[in-house]
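# Observations on the model geometry
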Amino acid sequence: MQGPKKTALMLVGAVVFMAAMAWVAIPFYDWFCRTTGFAGTTAKAEAGSDEVLDQTIKVRFDGSLDRNMPWTFRPMQREMELKIGETGLAFYEAYNPTDHPVAGQASYNVFPYEAGGFFNKIECFCFTEQVLQPGERVEMPVTFYVDPEIVTDRKGKYVHKITLSYTFYEIDLPDDYAAVQDDKGSL
């Protein structure tokens, strides 16, 4: 095969290859960040730490909204100090001031980025989407601990304060929820 047919086949192959790479890039990057703590991505744990150190660390809490999100959202405490390895419990408050249900999903990270791989969430409102009814106000918990290995890590041992940040984004109402709403409206 020569000339224009070969060129066309090579171009189609290049486009297919680039599309495949784009398709796998997002899940691969997500896996990489969760595994390494890169960019302040936290880890998910099934249970608290087996080891609690006498050394303490301060955890600050931050909450923000995407500019199109109509809720109000804030941490209910600004900071807490806990022993490294100790399980902490913090709450965030969300409020939907609109006259219709709004669904949201929180993205999160920690700063400094070196702490990401050591900050473990056991339970978090950010693991699932949230739907708030008109005028509904909720308190949403996050249960976490800082892995004791942070004190022996080459960069982590210099971390004495961690900021846990969330940003809520509006998302489409879940399909099953939207179907229930449609059924109520057609009665």
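Everything here concerns the structure above.
Basis of the calculations
- Residues numbered from 1 in each chain as written.
- Predicted model: local features only at pLDDT ≥ 70, side-chain atom pairs only at ≥ 80, totals over all residues.
- Heavy atoms only, no water.
- Helix = DSSP H or I, 4+ residues; strand = E, 2+ residues; numbered from the N terminus.
- Polar contact = N/O pair within 3.5 Å; in protein donor to acceptor, adjacent residues only side chain to side chain.
- Pairing = 2+ DSSP bridges.
- Axes fitted to C-alpha atoms, helices over the stretch in contact; angles between N-to-C directions.
- Salt bridge = Lys/Arg side-chain N within 4 Å of Asp/Glu carboxyl O.
- Buried < 20%, exposed > 50% of the residue type's maximum accessible area, 1.4 Å probe, protein only.
- Disulfide = S-S within 2.5 Å.
- Core = buried A, V, L, I, M, F, W, Y, C linked by side-chain atoms within 4.5 Å.
- Contact = heavy atoms within 4.5 Å.
- Patch = residues over 30% accessible without salt bridge, like charges linked within 9 Å, V, L, I, M, F, W, Y side chains within 5 Å.
- Areas by Shrake-Rupley, 256 points an atom, 1.4 Å probe, with all protein chains shown as cover.
- Lys, Arg positive; Asp, Glu negative; His and termini not counted.
- Charge placed at Lys NZ, Arg CZ, Asp CG, Glu CD.

### Some words on the side chain of N120
Positionally, N120 belongs in strand β7 (residues 119-124). Here F118 takes part through its backbone oxygen, which lies 3.1 Å from a polar atom of the side chain of N120.

### Quick notes on the sheet that holds strand β8 (residues 130-132)
As summarised here, the arrangement of the 5 strands in space is β4-β2-β10-β6-β8, forming an open sheet in which the pairing is mixed. Edge strands, defined here as strands with exactly one partner in the open sheet, are β4 (79-83) and β8. On average, each strand axis in the sheet is tilted by 30° relative to the strand beside it, whichever way the strands run. Relative to β4, strand β2 (residues 56-65) runs antiparallel, the two sharing 5 bridges. When the bridges of β4 are listed, T56 appears paired with K83.

### Regarding the pattern of salt bridges
Pairing between side chains becomes possible if they bear opposite charge and their charged atoms approach one another. Enumeration over the complete set of coordinates arrives at 3 salt bridges. Across the salt bridge formed by E79 and K161, the nearest N and O atoms sit 3.6 Å from each other. Here E79, found in strand β4, pairs with K161, found in strand β10 (residues 161-171); they are 82 residues apart in sequence, far enough to count as distant. Residue class for E79 comes out partly exposed when judged on its relative accessible area of 36%. For K161, a relative accessible area of 41% puts it in the partly exposed group. Measuring nitrogen to oxygen at the nearest pair gives 3.5 Å for the salt bridge that ties R137 to E93. Taken together, the residues R137 in strand β9 (residues 137-146) and E93 in strand β5 (residues 88-95) connect sequence positions 44 residues apart. Judged by its relative accessible area of 14%, E93 is buried.

### Side note on the state of the cysteines
Enumeration according to the criterion identifies 1 disulfide in this entry. Across a sulfur-sulfur distance of 2.4 Å, C124 and C126 are joined as a disulfide pair. Here the disulfide of C124 and C126 is right-handed, its torsion about the S-S bond being about 130°. Among the residues examined, C126 registers a relative accessible area of 5% and is labelled buried.

### A closer look at the nonpolar core
In a soluble, globular protein the nonpolar side chains are often hidden away together inside. In terms of nonpolar packing, the biggest core is built from 35 residues, with F125 and Y166 touching the most fellow members. Elements that contribute at least two residues to this core include exactly β2, β4, β5, β6 (102-111), β7, β9 and β10. For this core, the leading source of residues is β9, giving 5 residues. Ignoring sequence-local partners within four residues, the contact set of F125 consists of F73, Y92, A106, Q130, M140, P141, V142, Y166 and F168.

### A few points about a negative patch on the surface
Taken together, the side chains of E129, E170, D172, D175 and D176 make up a negatively charged region of the molecular surface. Residue position: D176 is located in helix α2 (residues 175-185). Its relative accessible area of 56% is what places D176 among the exposed residues.

### Structural notes on a nonpolar patch on the surface
A cluster of nonpolar side chains, namely V15, F17 and M18, defines an oily patch on the protein surface of about 340 Å² accessible area. Position of M18 among the secondary structure elements: in helix α1 (residues 4-36).

### Some remarks on the environment of Y166
One can find Y166 in strand β10. Taking the relative accessible area as the measure of exposure, Y166 reaches 0% and is therefore buried. Along the sequence, Y166 and L65 sit 101 residues apart, while their C-alpha atoms lie 8.2 Å from each other. In terms of polar contacts, Y166 uses its side chain to reach the side chain of K121, at 3.1 Å.

On their own, these measurements won't tell you what the molecule is for.
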